[in-house]
Amino acid sequence: MGPPMGLAVRQLRRLKPFNRLQIILQHLNMSKHTDSAAEVLLEKRGCAGVITMNRPKALNALNLSMIRQIYPQLKTWEKDPETFLIIIKGTGGKAFCAGGDIRAITDAGKVGDKLAQDFFREEYILNNAVGTCQKPYVALIDGITMGGGVGLSVHGPFRVATEKTLFAMPETAIGLFPDVGGGYFLPRLPGKIGYYLALTGCRLKGRDLQKAGIATHFVESEKLSALEEDLIALKSPSKENVADVLNSYHMKCKIDQEKQFVLDEHMDKINSLFSANSMEEIIQNLKQDGSPFALKQLETINKMSPTSLKMTLRQLREGASLNLQDVLTMEYRLSQACMRGHDFYEGVRAVLIDKDQVPKWKPATLEEVTDEFVDNCFKSLGNSDLKL
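Analysis parameters
Residues numbered from 1 in each chain as written. Predicted model: local features only at pLDDT ≥ 70, side-chain atom pairs only at ≥ 80, totals over all residues. Heavy atoms only, no water. Pairing = 2+ DSSP bridges. Helix = DSSP H or I, 4+ residues; strand = E, 2+ residues; numbered from the N terminus. Core = buried A, V, L, I, M, F, W, Y, C linked by side-chain atoms within 4.5 Å. Buried < 20%, exposed > 50% of the residue type's maximum accessible area, 1.4 Å probe, protein only. Contact = heavy atoms within 4.5 Å. Axes fitted to C-alpha atoms, helices over the stretch in contact; angles between N-to-C directions. Parallel < 35°, antiparallel > 145°, perpendicular 65-115°, else oblique. Disulfide = S-S within 2.5 Å. Expected span 1.5 Å × (residues − 1). Phe/Tyr/Trp six-rings, centres within 6.5 Å; stacked < 30°, edge-to-face > 60°. Lys NZ or Arg CZ within 6 Å of the ring centre and 35° of its normal.

Participant: Residues and numbers for the sheet that holds strand β9 (residues 204-205), please.
Facilitator: Across the sheet, four strands lie side by side as β4-β6-β8-β9; this open sheet has mixed pairing. The open sheet has two edge strands with one neighbour each: β4 (95-97) and β9. Here two bridges tie β4 to strand β6 (residues 144-146), and the two strands are oriented parallel to one another. Looking across to β6, one finds that Ala95 is bridged to Ile144.

Next up, the structure:
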């Protein structure tokens, strides 16, 4: 990776969250004309099946053709007695996978194209396959890992972050919700961290992912290829053998070892302020607290889609006691509610198309988003429900 790319990543970090989201989404909108066969590389190497997302110009954004290549291969390797583990990674040095192909979904949803159903359905089926995979599944989450990229990694047993990892679930900023099984993994993070990350879209970097429970291991970016070679060279490894290799690399990594978790000083506030039963109560908690931290969160949340916020809080509260399959079934219903609604298209317009950063949400306030409307988003789709 040459200096210009490093510079680009540094510039990305300095930008305000909304602008950074816009730049990431711009990449998700690029490289329309690549050969679909090369968008993902599927290779058997040594004892491992290796999945490489190969759309570096689009920050390895996940599209339907990639899902349709990865899923059957994952299932084949899972049954293959000669494949002992699965590794998934991204190319280009900037991103593992920055999310789903937002623009394609927007265009399809506007005209009622089947892609707006197929993408979510098949993406969630793939997320479930990751979560239930019988072989050790190792995600090398080097670089930007958001939305759809989180769904390809977080449900597996091994998630290796690096100093270049940037995590977020920024969906409430574009009228969506933290899907891909967010309703399962977010409420299971320590305290109320998951609720905080889901509602604010807060970014976590590097070792903080491991401290938050999103990553299981932390390794220097430049050591990943050596780690991969060591994993591939294992002879008929068990899950424990894979864990031993990952643990040895993790233990040797000294980067930011002494650094305090970025949210440590705010954990008491996060746990109390975000434990309310409703969005209105969370807002009230933040206002009453009045600390700089609370007011900053209030400012962020006020920019988000009120519909998305209410949907997301309920998604996590319900998801806390559901299994992954039931969460994904619930989330498919929510995805289709977003496709039928207003805010997703408006969020994408404001952040990605017109780039004015001023989405006009409808309804514009939390109070106007009725319980009846939210209930409707969670209702069964009958024969059209996701079946896992």
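Participant: Explain the nonpolar core to me, using residue names and the numbers behind them.
Facilitator: Grouped together as the largest cluster of nonpolar side chains are 97 residues, with contacts concentrated most on Phe167, Leu197, Leu204, Ile214, Phe274 and Phe344. Per element, the largest residue contribution to this core is nine residues, and it comes from helix α16 (residues 324-340). Once you skip the residues sitting within four places of it in the chain, Phe274 turns out to touch Lys192, Tyr195, Tyr196, Leu199, Thr200, Lys269, Ile282, Leu286, Gln297 and Ile301. With 19 residues, the next largest nonpolar core counts Leu140, Phe158, Val219 and Ile232 among its residues.

Participant: So what about the environment of Ile282? Which residues, and what values?
Facilitator: Here Ile282 lies in helix α13 (residues 279-289). Owing to a relative accessible area of 0%, Ile282 belongs among the buried residues under this scheme. In this view, Ile282 contacts Leu199, Leu273, Phe274, Ala276 and Leu313; residues no more than four positions away in its chain are not counted.

Participant: With reference to specific residues and values, describe the packing of helix α8 (residues 193-200) against helix α14 (residues 292-301).
Facilitator: For the pair α8 and α14, interaxial distance at closest approach is 9 Å and the crossing angle is 45 degrees. In terms of orientation, α8 and α14 fall into the oblique class. Between α8, through Tyr196, Leu199 and Thr200, and α14, the contact on the second element is made entirely by Phe293, Gln297, Thr300 and Ile301.

Participant: Provide a residue-level description of the state of the cysteines, including the pertinent values.
Facilitator: Disulfides are covalent bonds that link the sulfur atoms of two cysteine residues. Enumeration according to the criterion identifies zero disulfides in this entry. The closest cysteine sulfur to the non-disulfide-bonded Cys338 is located on Cys377, 7.0 Å from its own sulfur.

Participant: Before we move on, can you summarise the sheet that holds strand β2 (residues 48-53) with the specific residues and values?
Facilitator: Within the open sheet, the six strands sit side by side as β1-β2-β3-β5-β7-β10. Their pairing is mixed. Every other strand in the sheet has two partners, leaving β1 (40-45) and β10 (217-218) as the edge strands with one partner each. Sheet topology places β2 next to strand β3 (residues 85-90); six bridges connect them, and they run parallel. Bridging across to β3, Val50 finds its partner in Ile87. Running over the sheet, helix α3 (residues 64-79) touches β1, β2, β3 and β5 (137-141) and is turned about 15 degrees from β1.

Participant: Can you explain helix α5 (residues 115-132)? Please cite residues and give values.
Facilitator: Taking 1.5 Å of rise per residue, 18 residues should cover 26 Å, and α5 covers 25 Å from first to last C-alpha, within 8% of that figure. The complete set of buried residues in α5 reads Ala116, Asp118, Phe119, Phe120, Glu123, Tyr124, Leu126, Asn127, Asn128, Ala129 and Val130.

Participant: A description of the packing of aromatic side chains should follow, citing residues and the corresponding values.
Facilitator: All chains considered together, the criterion is met by five aromatic pairs. The interplanar angle of 85 degrees and the centroid separation of 5.8 Å between the aromatic rings of Phe119 and Phe120 together place this pair among those described as edge-to-face. As far as burial versus exposure is concerned, Phe119 and Phe120 are alike and both buried. Feature note: the residues Phe119, Phe120 and Tyr124 constitute an aromatic cluster, connected by ring pairs. One Lys or Arg, Lys192, reaches over the ring of Tyr195 and ends 4.4 Å from the middle of that ring. Taking the ring centre of Phe378 as reference, the NZ or CZ of Arg314 above it sits at 4.2 Å.

Everything listed here is a matter of coordinates, which is why it stays silent on function.
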